[in-house]
Every structure is written in C-alpha cells, then in structure tokens.
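So you can see what is in the structure, the chains are spelled out below.
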Amino acid sequence: AVSDWLGCLFVGVEYSGKINQWDIQTGKMIATLEGHEGSISRLAISEQRGLLFSGSSDGTVGQWDVQTGQRTATLKGHEGEIFCLAISEQRGLLFSGSTDRTVGQW
C-alpha cells in the first residue's frame, strides 16, 4: 500500500506477519509493524483517518496509526484468511472479505 500524503510505502512481509514501512524519498526502511500471527495478505490505507489496515491469514484485520506505528485495534470476526480490504472514506467504513465466504463491515 502506498501513501503519497504520508510519503510512505507499506509492504507486508508475507510469511513473517510483519509490515515494513519505507520512506519513499530516501528509500530507507523506517519502521516494522508487528502483531499478526499469520502472514499478511492485504493492506489498505485510510489517509483521511491516518490509519493502515492489514488483513492476515490469521483471520484478523489489524488497525494501525501510521504516525506512531502503534496497533490501535484488532478486528475479529472472520474464520478464514482475509483476502480483500476496501475502504469507503465517505462513509468512514472498512470492508473485509475472507475465505470463509463472509464480508465484514467495520
């Protein structure tokens, strides 16, 4: 996931459950976000709210404050891997799709 507003690139390190944050200008890694037990499958950024969302094979969605790098919430409700994330900035909602054939609205 890329955010021009923040000048950052976020990359999920698939099997480690970690997310690396890179500075676009310098090309240097500036942070590693940790908290998932499974591999990272999807990332989405809400620039309006300053949040990064991460979907994982552990069936959870992580919510991260992009300024501090702190995990601010763990969204649970799926029984399978998260395979898609979509943000509606206008409505302030996040949607997640899972291999358990459900869609979460957060």
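Preceding block: the structure.
Residues numbered from 1 in each chain as written. Predicted model: local features only at pLDDT ≥ 70, side-chain atom pairs only at ≥ 80, totals over all residues. Heavy atoms only, no water.

Participant: I would appreciate a short explanation of the overall build of the protein in the present structure.
Facilitator: Helices and strands together make up the secondary structure of the protein, namely 0 helices and 11 strands. Starting at the N terminus and walking to the C terminus, you meet the elements of the protein as β-β-β-β-β-β-β-β-β-β-β. Principal-axis analysis of the C-alpha atoms gives the protein an extent of 40 × 35 × 20 Å. Looking at the 106 residues of the protein, the share that counts as buried comes to 41%. Nonlocal contacts in the protein, meaning residues at least 24 apart in sequence, comprise 30% of its contacts between residues at least 6 apart. (Helix = DSSP H or I, 4+ residues; strand = E, 2+ residues; numbered from the N terminus. Buried < 20%, exposed > 50% of the residue type's maximum accessible area, 1.4 Å probe, protein only. Contact = heavy atoms within 4.5 Å.)

Participant: What is the right way to look at the nonpolar core in this model?
Facilitator: In globular proteins that are soluble, nonpolar side chains generally tend to be buried together. Core analysis: the biggest nonpolar cluster contains 9 residues, these being Cys8, Phe10, Ile19, Leu33, Ile40, Ile45, Leu52, Trp64 and Val66. Of all elements in the fold, only β2 (8-13) and β5 (40-46) reach the threshold of two or more residues within this core. Leaving out residues up to four positions away in the same chain, leucine 33 has contacts with Phe10, Gly17, Lys18, Ile19, Leu52, Trp64 and Gly69. Core analysis: the next-biggest nonpolar cluster, separate from the first, contains 8 residues, Ala44, Leu51, Val61 and Leu85 among them. (Core = buried A, V, L, I, M, F, W, Y, C linked by side-chain atoms within 4.5 Å.)

Participant: I would appreciate a short explanation of unusual backbone geometry in the present structure.
Facilitator: Trans is the prevailing form of peptide bonds, just as negative phi is the prevailing case for residues other than glycine. Not every positive phi belongs to a glycine, and arginine 101 is a case in point at roughly 70°. When you line up the elements, arginine 101 lands in the loop between β10 (93-98) and β11 (103-105).

Participant: Just checking my understanding: could you explain the sheet that holds β10 for this structure?
Facilitator: Two pairing modes exist for strands in a sheet, parallel and antiparallel, and in both the strands are linked by backbone hydrogen bonds. As summarised here, the arrangement of the 3 strands in space is β9-β10-β11, forming an open sheet in which the pairing is antiparallel. Pairing within the sheet leaves two strands with one partner each, and these edge strands are β9 (82-88) and β11. The average angle at which neighbouring strand axes cross in this sheet is 20°, direction not considered. (Pairing = 2+ DSSP bridges. Axes fitted to C-alpha atoms, helices over the stretch in contact; angles between N-to-C directions.)

Participant: I'm lost on the environment of glycine 38 in this one. Help?
Facilitator: Here glycine 38 lies in the loop between β4 (29-34) and β5. Measuring from C-alpha to C-alpha, the distance between glycine 38 and glycine 55 comes to 9.4 Å, with 17 residues separating the pair along the chain. In contact with glycine 38, other than residues within four places in its own chain, are Gly17, Ser56, Ser57 and Asp58.

Participant: Sorry, what's going on with the sheet that holds strand β6 (residues 51-56) here?
Facilitator: Pairing is antiparallel in the open sheet, where 4 strands are placed in the order β5-β6-β7-β8. On the outer flanks of this sheet lie β5 and β8 (71-75), each paired with one strand and no other. Geometrically, the sheet is characterised by an average inter-axis angle of 20° between neighbouring strands, direction not taken into account. Sheet topology note: the strand β7 (residues 61-65)/β8 ladder contains 4 bridges and is antiparallel. If you follow glycine 62 over to β8, its bridge partner there is threonine 74.

Participant: Would you take a moment to explain the side chain of glutamine 21 for this structure?
Facilitator: Here glutamine 21 is to be found in strand β3 (residues 18-23). The residues contacting glutamine 21, other than those within four sequence positions of it, are Cys8, Leu9, Phe10, Lys28, Met29, Ile30, Ala31 and Val66.

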